[in-house]
Amino acid sequence: MERAWIHIRGIVQGVGFRPFIHKLVREYGLVGTIKNTSSGVELELEGERATLETLIAVLPARAPKLAVIEALEARYFQELKGFTDFRIVESKTEALRDTLISPDIAICDDCLRELRDPCDRRYRYPFINCTNCGPRFTIIRDVPYDRAKTSMASFPMCPDCDREYHDIENRRYHAQPDCCPVCGPRVFYLDRDGKRLAGDAIELARTALKAGQIVAVKGLGGIHLACRVDGERIARELRRRKQRDEKPFALMCRDTACAEKICEVSAAEREILEGFRRPIVLLRKKRPGLFHISENARVGVMLPYTPLHVLLFGEDLDMLVMTSANLSDTPMMTENEEAVQKLHGIADGFLLHDRDIQTRCDDSLCWVLGGGEYFARRSRGYVPFPIRMERALPPILACGAEQKASFCLSRETCVFPSQHIGDLKNLETFESYTQQIAHFENLFDIKPRALVCDLHPDYLSTRYAEERAGRENIPLIRVQHHHAHLAACMADNGVEEKVIGLVWDGTGLGTDGTSWGAECLVGDFRGFERFASLRPIPLIGGDRVTRETDRVAFALLREAGLSTDEIENGESYGRILDLNLNCPLSTGMGRLFDGVAALLGIKTRCTYEGQGAVLLEAAVAEDRAAFPIAWEGEPLRFDWRPMVCALASGRDAGVGTGRLAARFMNTLIEMAALQCLRAREKTGLNTVCLSGGSFQNLYLMARLPEKLEAAGFRVLRHRRVSPNDEGLSLGQLMIARAALGSRQVGAYEEEDSLSQLR
Ligand code: ZN
Ligand code: ZN
Ligand code: FE
């Protein structure tokens, strides 16, 4: 007989880990204790050495699916403590706010089976959940995580649920949101005027949907608007009512087989689609069509993730439009009264329930690249899981950018990126941003000792940071936008050494006061150098160019010395340019995409950010050619004028739009590779980080890394946070840590600076 001391680090709390260990220990006939610690769980077991070793060997593979085991350490001792049974020791540290909070988890197979079993007491109950599934982050008000501190507090457990909750053999042991039709929340259906209708709420909603109506459906992190996918008229009506012109809608499909009717689904995509996080996955359409849903070559698809969604689909609905219930870029609605009021005239009915959504959390949105998620939006199902860093960080709040706002907080080796927040220029979104910062700081017990923001003085995130740093008298660090992107990609890949960074996006304020966005940087967390860029494009009329993209086409043609007769308002654009009235220069890659899309006649007026790039990608046809590449000035700038001439003459010669779009992007790939080669020659660096919203273009993502790898580069892209501005707060955080370190007197001792900041 021996005693084993086992420490398991990772996400092992609130995921059914202790009951799992209990069962396992019993199965192997061992005795001992388990307790939670600040970084995981600690086990002490007694039994035969061989049995102990077997248990440790099988443990990781059999752990609950929500558990993440980062490290398992075991030591053996001869002296025994004389345990006689297996017990869970309630430790003091459990009360501390250093445990992790689980994201919301899609309904599990066991619950799904009970949901469909007429003999089960939760048959067709829309709030069925267990230790392995159900709401978490979106219902938690405060920590430590127990029912009284969630929006389930107003639903006292009935004796049956209470028994399950306390029975370690039961799969609902310590499941805080456990409930049933007797004690739990209820669903109801309202007509367009908010009048409650008698009858089965879910059947009423299904009938309305089948009849072609638009129904508001309260989900996990917010309210959606749902309608049928077939019949363009309904979706167009939804667009009209929602004032959402062209931005793609997401779909919810009953199952993967239904999704496969319209989309290609690879094995890796299927795995993520069906996984417990259930993001919206951007899938390739099987054939062109569904333009009333998405004008892109891809369409966003998710599977039902709550029991309510499962019941809504029943056996006969295959797919529904499932778009956030909001009005022109305000946050997704979460409250019943607000929805009934603000969606009057938009929704024909409301499928709601009486469990409050404590925290708004939009659906996550991703592509599947290399078998994993490539995020456009990291939100429900992922947040608030931390990203683990190799080294500890002091408590810092990184405030993000503006349009795709997010923030990021650090605590020890954990970094907590927030959920998708939205565009801060909207007042309600900004309020949600400040509320979420306070909520995260409370949940994770973080009191920032420094703030970090973008260089742009007008971003509302910058204003927030300035105001707060002044009020709390703590350091504020300002970080250049593209440097933050670069650092985010480095941190995302656990890299600290100097790298080459291709950072392509729409816009970000440069250190020279102009707008940047097609940058080749060389740097690390401590600093950067702008190694190469793009010939600047004059933005005729400033910000207006992001919508009126023919203004960019005009500028490109004019600078390339070509005729601009084809452009409708050309004369007035020309006058503005000649007088240099509000024509700031920009090296934004997004602008170049917009300009080329307009030049090719694909889109001359955009209704959402990045539409030009999206449509260019959608239009692309097979063509391997590239246009000539020229350079000018310092930093090494890509002179796009010869390319614009070649594009225009190709177009005039009748070369197809799709082939020209391909040649344009091939040219960018060649150009980027040349910039990296020159950077390597000069610096000896061999790692290239790809970041910025332009790398949401999968044509580039399929070919640029390949091209660079063929030249011997190591290419890193985002994996855990988005390449767009949402992911940038992670980079701000890492740069701030480096900056704080170097502020120390004399040699930089990390531990010293950390203890000072703590
Ligand atoms: Zn379950
Ligand atoms: Zn109950
Ligand atoms: Fe950006």
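Everything here concerns the structure above.
Since we're looking at a predicted model, the values are computed, not measured. (Residues numbered from 1 in each chain as written. Chains lettered and ligands numbered in written order. Predicted model: local features only at pLDDT ≥ 70, side-chain atom pairs only at ≥ 80, totals over all residues. Heavy atoms only, no water.)

Novice: Outline the coordination of the zinc ion (ligand 1), supporting the account with residue identities and numerical values.
Specialist: Note on the zinc ion (ligand 1): its protein donors are C108 (SG), C111 (SG), C130 (SG) and C133 (SG). The metal-donor distances range over 2.3 Å. Each of the four donor atoms bound to the zinc ion (ligand 1) contributes to angles spanning 104 to 117°, and the resulting shape is tetrahedral. Counting along the primary sequence, the residues that act as donors to the zinc ion (ligand 1) give the motif C-x2-C-x18-C-x2-C. Linking C111 in helix α3 (residues 109-115) with C130 in the loop between α3 and α4 (159-166), this pair joins segments that are 19 residues apart in sequence. Across the pair, exposure class does not vary: C111 and C130 are buried alike. (Donors = N, O, S within 2.8 Å, 3.2 Å for Na, K, Ca; no water. Tetrahedral: all angles 85-135°; square planar, octahedral: opposite > 155°, others 65-115°. Helix = DSSP H or I, 4+ residues; strand = E, 2+ residues; numbered from the N terminus. Buried < 20%, exposed > 50% of the residue type's maximum accessible area, 1.4 Å probe, protein only.)

Novice: Just give me the short version of the packing of helix α14 (residues 550-559) against helix α15 (residues 570-579), but keep the residues and values in it.
Specialist: Between α14 and α15, whose axes approach to 10 Å, the crossing angle comes to 65°. Taken as axis vectors, α14 and α15 run roughly perpendicular relative to one another. Remark: the crossing between α14 and α15 carries right-handed chirality. Listed contacts from α15 to D550, R551, F554 and R558 of α14 are G570, Y573, G574, I576, L577 and D578. Taken together, the residues of the contact of α14 with α15 sort by class into four nonpolar, two polar and four charged. (Axes fitted to C-alpha atoms, helices over the stretch in contact; angles between N-to-C directions. Parallel < 35°, antiparallel > 145°, perpendicular 65-115°, else oblique. Left-handed = near helix turned anticlockwise from the far one by under 90°. Contact = heavy atoms within 4.5 Å. Nonpolar A, V, L, I, M, F, W, Y, C, P; charged D, E, K, R; others polar.)

Novice: Describe the coordination of the iron ion (ligand 3), with residues and values.
Specialist: Octahedral metal centres with six donors ideally show angles of 90 or 180 degrees, and tetrahedral centres with four donors ideally show 109.5 degrees. The coordination sphere of the iron ion (ligand 3) contains the protein donors H481 (NE2), H485 (NE2), D505 (OD) and D725 (OD), at a distance range of 2.0 to 2.3 Å. For the iron ion (ligand 3), the four donor atoms in the first shell make angles of 85 to 169° at the metal, a pattern classed as irregular. In the primary sequence, the donor residues of the iron ion (ligand 3) line up as H-x3-H-x19-D-x219-D. Residue H481 and its partner H485 are both found in helix α13 (residues 481-492); the two are separated by four residues, about one turn of the helix. Both residues of the pair, H481 and H485, belong to the buried class.

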